[in-house]
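Each chain is listed here by its residues.
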Amino acid sequence: MNLDALLDCVAASSCLVTQISAGLIIGMLLFLVACGLTLIFGVLGVINFTHGSFYMMGAYIALTTFQTTGSYALAVLASTLGVALFGVIFERFFMARVYGADVLMQLLVCYAFILILDDVAKIVWGADFRAMGMPEAFVLPPLRVAGGFLPPFYLFLAAVTVAIAITLGVVIAKTRFGKIVRAAAANRQMVGVLGINTALLYAAVFALGSALAGIAGALAAPVRSVVPGMGFSILIESFIVTVIGGMGSIAGAFVAAILVGITRSFGSIGFPLFTDGTMFVFMVLVLLIKPTGLFGRRPG
Amino acid sequence: MEKPANRAGSRRSFLAATAATGLAVAGFPMVARGQSKAPIKIGMPTILSGRVAQIGISSRNAAQMTVDDFNAAGGLDGRMIELVVRDSKGKPDEAARVVRELINSDGCTIILDAEASSASFAVQEVVRETGHLSIHTVSETSSLSADSKIRTANAFRAARQGIHDSSFAGKYAAEIAKAQGLKRWMICSPDYAYGRDTSGEFLEYLKIFEPSVELAGETWPKLFAADYTENITKILQVKPQALYTCLYGGDLVTFIDQGNLYDLFAQANVFAVNMADYTTLREIKKLPKGIHSANRYLTTFPATKANAEWGERYRKKYDVLPINWSWENAVGMQFLTEAMKKTGSDDAKVLAQALRGMVIESPFGADGKITMRAEDQTIVGYAIGWGTTIPTQPYVTDMQAADWGFIVEREAEWKKRKGYA
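Residues numbered from 1 in each chain as written. Chains lettered and ligands numbered in written order. Predicted model: local features only at pLDDT ≥ 70, side-chain atom pairs only at ≥ 80, totals over all residues.

Visitor: So what's going on with the overall build of chain B? Which residues, and what values?
Guide: If you tally the helices and strands in chain B, you get 14 helices and 15 strands. Principal axes of the C-alpha set define a box for chain B whose edges measure 115 × 40 × 40 Å. Looking at the 421 residues of chain B, the share that counts as buried comes to 53%. Summarising the internal contacts of chain B: among those between residues at least 6 apart in sequence, 66% fall at separations of at least 24. (Helix = DSSP H or I, 4+ residues; strand = E, 2+ residues; numbered from the N terminus. Buried ≥ 20, exposed ≤ 12 C-beta atoms within 10 Å, placed from the backbone. Contact = placed C-beta atoms within 7 Å.)

Below, the structure is given as structure tokens:
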């Protein structure tokens, strides 16, 4: 523990700005992935363990599109649509067959696809790591705010994530589709009985959740090595965020992701040997005090 | 008097036995020759997936290139080497399992261990138990061969060592620290045996040659971490004048890419021992100026025709430039094949005896030769140098070559301090 260093940091504006912004950035990517995961669970009641592989696919599609076209905007769009389409195919042809089955069967299907997608990535892009590089528009020195460092690309990433979070919130709260999604999250069977095409609904939700993972992959690609199996580490962290925030709660995922990000950021200064452990301690505390998560609800 | 049927039966039996004996006598040399032409199977556990898949890919490529040369020249009295490669995914338990499978199921009689440090210790314990000859070609953690409690008579190392690199690195960095007044240093290295040992050794020697330096901070990202933001922001808070890192491969590329966002490399002199690997250099799209690096593998260092030709041959064969693990595996396989040629045998004990003290001609030697030192069964005499990286060929300039007399002296002192001597 290095509490002196932590206190010094909190007392210094430059450190505060840098560490808070770093924590927010760490949280933003986590939120995008966790949000898709929690959305799928909330409506379909399915834990999509393949979600990390969707993130990996998003990164690879962005890498290839960017290297082919030179356009990062196209790369993000291609990742979003490509992974969304794959999500629909995966849901319709595979997950739909195991909705009523034991959770172990669902886990098996997801794990099989993790292995398949990792091998497809190896065959298509090679087993070695690839680096996309920073799009020219973001090759800029960091902004200095109160002595702290704010990289322009990370500001862009944060802005995109906040825009997605707001849009998602508005769609879920104010649109007919959102109403149906909330109804399905509350009672899936009733939604079907009321004449809603649940197959279409499930495919749409899966597409949306997958698209979020795809966007996360595209946003991560300029600053992470793209490699087969890269989805695994973010999947674990996303589960922690989802459990802390509450399974099925988008607002919960947002708050939990920020919490995890800030913990990691300040943890590296104050308790570097226990930063990862702290996330798990949070999760255990939440499970003990409020098992449904910070914003989760008891199942109806 | 015998009954006719009995006489006929015994004649048939006699004729059948004679025919069988004749076939056996005529066919035995062919059968025996077939068995003696059985391939020499060398098992190679390595990492072929994940963020450091380049370890396995480059190791396999170089080992296979040397095997192909040996086989093309007739092998060992007509017996060809067959390289059996398996992916351990970099996990120690998986590496141990894979080695046992190579020995028990695939019939491998020799192990060319191209595992990273974390798994190489696991492999060492397996071959200690089975008695199979093994050459470690990737692990740089010095204790693998220096510590007599870990060392075993049937295991050798054909890879660079942390203590060799660090002793010269410390001297090189100390000279720059003295010249530029770099007093506050920080370490950012992966949190496992190689990262901890190598960084510790570097710091030890930096302080020996420039006592005024201080370690202002340290940050230890997890091996294969996807995100270094928290480590980078910690470095920015500590504000060191110089930073040492032994991150490598995809991890180093990610660290550089993320560090560039914070303009990290304009704020500290960086000593990245593993920077000068072609794969890493080519994947970094915006290489910061003036990063110091050891040679890892360069076709221009040693600046000899033999080295350049080997690099070009590798590039033509695999359409990619060789990297550090390439030359190490080429050397490991060369030691094996030369020991086989010298002894005419593939027996583990016979080969081990031949390997101890063996000297080979090698394009990677500081003076054209590399020795498998008998006392601790590890290579010495390979080219070590440090210079400054640039974004285009030859990628490293102002190379300073290490003197092996200096390195061996420092190594001996280090072994005494550690209790290995």
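So that's the structure; there's more coming.
Visitor: Tell me what's going on with the overall build of chain A, and back it up with residues and numbers.
Guide: Helix and strand counts for chain A stand at 12 helices and two strands. Along chain A, helices (α) and strands (β) appear in the sequence α-α-α-α-α-β-β-α-α-α-α-α-α-α when read from the amino end. Relative to the compact-globule value of 19 Å for 300 residues, chain A shows a C-alpha radius of gyration of 19 Å, a close match. Its C-alpha atoms give chain A principal-axis dimensions of about 60 × 50 × 35 Å. Relative to all contacts within chain A whose residues are 6 or more apart in sequence, the contacts with residues 24 or more apart total 77%. (Rg over C-alpha atoms; globule rule 2.2 N^0.38 Å.)

Visitor: Residue-level account of the pairing of strand S7 (residues 214-219) of chain B, with values.
Guide: Judged from the five bridges that link them, strand S6 (residues 184-188) of chain B and S7(B) form a sheet pairing that is parallel. Bridge pairing in S7(B) links B:Ile187 to B:Glu218. (Pairing = 2+ DSSP bridges.)

Visitor: Break down the packing of helix H3 (residues 51-69) of chain A against helix H10 (residues 231-245) of chain A for me, citing the residues and quoting the values.
Guide: Residues and elements named next belong to chain A. Where H3 meets H10, the axes come as close as 8 Å, and the angle between the chain directions of the two elements is 130°. One finds that H3 runs oblique with respect to H10. By crossing handedness, the relation of H3 to H10 is classed as right-handed. The segment H3 lies against H10, with His-51, Gly-52, Ser-53, Tyr-55 and Met-56 engaging Gly-231, Phe-232, Ile-234, Leu-235 and Ser-238. Per-class residue counts for the contact of H3 with H10 are five nonpolar, five polar and no charged. (Axes fitted to C-alpha atoms, helices over the stretch in contact; angles between N-to-C directions. Parallel < 35°, antiparallel > 145°, perpendicular 65-115°, else oblique. Left-handed = near helix turned anticlockwise from the far one by under 90°. Nonpolar A, V, L, I, M, F, W, Y, C, P; charged D, E, K, R; others polar.)

Visitor: So what's going on with the nonpolar core? Which residues, and what values?
Guide: Residues and elements named next belong to chain A. By size, the foremost hydrophobic cluster in this structure holds 212 residues, and its most contacted members are Val-33, Ala-59, Ala-62, Val-205, Ala-216 and Ala-257. Per-element tally for this core: the top contributor is helix H2 (residues 13-44), with 17 residues. Discounting residues that sit within four places of it in the chain, Ala-257 has contacts with Gly-27, Leu-30, Phe-31, Ala-34 and Val-241. (Core = buried A, V, L, I, M, F, W, Y, C linked by C-beta atoms within 7 Å.)

Visitor: Report on the interface of chain B and chain A, specifying residues and quantitative values.
Guide: Contacts between the two partners involve 31 residues from chain B, matched on the other side by 36 residues from chain A. Breaking the side of chain B that touches chain A down by element, the ones donating at least two residues are helix H2 (53-72), helix H8 (229-238), helix H9 (249-261) and helix H10 (278-283) of chain B. Looking at the side of chain B that touches chain A, its residues break down into nine nonpolar, 13 polar and nine charged.

Visitor: Break down H10(A) for me, with residues and values.
Guide: All names here are of chain A. Taking 1.5 Å per residue as the helical rise, H10 with its 15 residues ought to reach 21 Å, and the 21 Å between its terminal C-alpha atoms agrees with that figure. The buried count for H10 comes to 12 of 15 residues, which makes it a mostly enclosed element. Restricting attention to buried positions, one finds in H10 the residues Gly-231, Ile-234, Leu-235, Glu-237, Ser-238, Phe-239, Ile-240, Val-241, Thr-242, Val-243, Ile-244 and Gly-245. Where H10 is buried, its residues touch H2, H3, helix H11 (250-270) and helix H12 (275-289). Note on H10: the residue one or two positions beyond its end, Gly-246, has a positive phi of about 115°. (Expected span 1.5 Å × (residues − 1).)

Visitor: Provide a residue-level description of helix H14 (residues 404-418) of chain B, including the pertinent values.
Guide: Residue and element names in this part refer to chain B. The end-to-end C-alpha separation of H14 is 21 Å, in line with the 21 Å expected for 15 residues at 1.5 Å each. Listing the buried residues of H14 in full gives Trp-404, Ile-407, Arg-410 and Glu-411. One face of H14 carries all of its buried residues, which in axial projection span an arc of 125°. For H14, the exposed residues lying more than 90 degrees away from the buried face are Gly-405, Phe-406, Glu-409, Ala-412, Lys-416 and Arg-417. The inward-facing, buried residues of H14 abut helix H6 (162-180), helix H7 (193-209) and strand S13 (378-380). Looking one or two places after H14, you find Gly-419, whose phi comes out positive at around 85°. (Arc of directions from axis to C-beta.)

Visitor: Describe unusual backbone geometry, with residues and values.
Guide: All names here are of chain B. Omega for the bond connecting Phe-301 with Pro-302 falls within 30 degrees of zero, at 5°, which places this linkage in the cis form. In this structure, Pro-302 sits in the loop between strand S10 (292-294) and helix H11 (305-318). Between Gln-393 and Pro-394 the backbone carries a cis peptide bond, its omega angle lying at 0°. Its place among the elements puts Pro-394 in the loop between strand S14 (385-389) and strand S15 (396-401). Despite not being glycine, Arg-296 shows a phi value in the positive range, around 45°.

Visitor: Any chance you could break down the packing of H6(B) against H14(B) for me, citing the residues and the numbers?
Guide: Residues and elements named next belong to chain B. Look at H6 against H14: their axes get within 9 Å of each other, and the N-to-C directions meet at 115°. The angle between the axes of H6 and H14 places the two elements in the roughly perpendicular class. You can see that H6 and H14 cross each other, and the crossing is right-handed. Facing H6, whose interface residues are Ile-163, His-164, Ser-167 and Phe-168, H14 presents Ile-407, Arg-410, Glu-411 and Trp-414. Within the contact of H6 with H14, the residues separate by chemical class into four nonpolar, two polar and two charged.

Visitor: Explain the environment of A:Tyr154 to me, using residue names and the numbers behind them.
Guide: One can find A:Tyr154 in helix H6 (residues 152-174). Take A:Tyr154: there are 26 C-beta atoms within 10 Å of it, and that puts it in the buried class. Excluding residues that lie within four positions of it along the chain, A:Tyr154 makes contacts with A:Ser21, A:Ile25 and B:Leu261.

Visitor: Describe the environment of A:Ile61, with residues and values.
Guide: Along the polypeptide, A:Ile61 turns up in helix H3. A C-alpha to C-alpha distance of 9.5 Å links A:Ile61 and A:Ala221, two positions 160 residues apart in sequence.

Visitor: Residue-level account of the pairing of strand S9 (residues 269-272) of chain B, with values.
Guide: All names here are of chain B. Pairing of strand S8 (residues 242-245) with S9, which is carried by four bridges, proceeds in the parallel orientation. Note on S9: the bridge partner recorded for Thr-245 is Ala-272. Traced from S8 through H9 to S9, the parallel crossover comes out right-handed. (Right-handed = clockwise from strand over helix to strand, strands pointing away.)

Visitor: Let's hear about the environment of B:Ser345: which residues, and what values?
Guide: All names here are of chain B. Positionally, Ser-345 belongs in the loop between helix H12 (324-343) and helix H13 (348-355). Residue Ser-345 is classed as partly exposed on the basis of its C-beta count, with 16 C-beta atoms lying within 10 Å. With 53 residues separating them along the chain, Ser-345 and Asp-398 place their C-alpha atoms 45 Å apart. The residues contacting Ser-345, other than those within four sequence positions of it, are Met-340, Val-350 and Leu-351.

Visitor: Pulling in residues and values, what's your account of the confidence of the model for chain B?
Guide: Taken as a whole, chain B shows an average pLDDT of 91; of its residues, 91% reach a score of 70 or greater. Scored below 50 in pLDDT, residues 1-8 of chain B shows one contact in the model against residues more than four places distant or in partner chains. (pLDDT = per-residue confidence, 0-100.)

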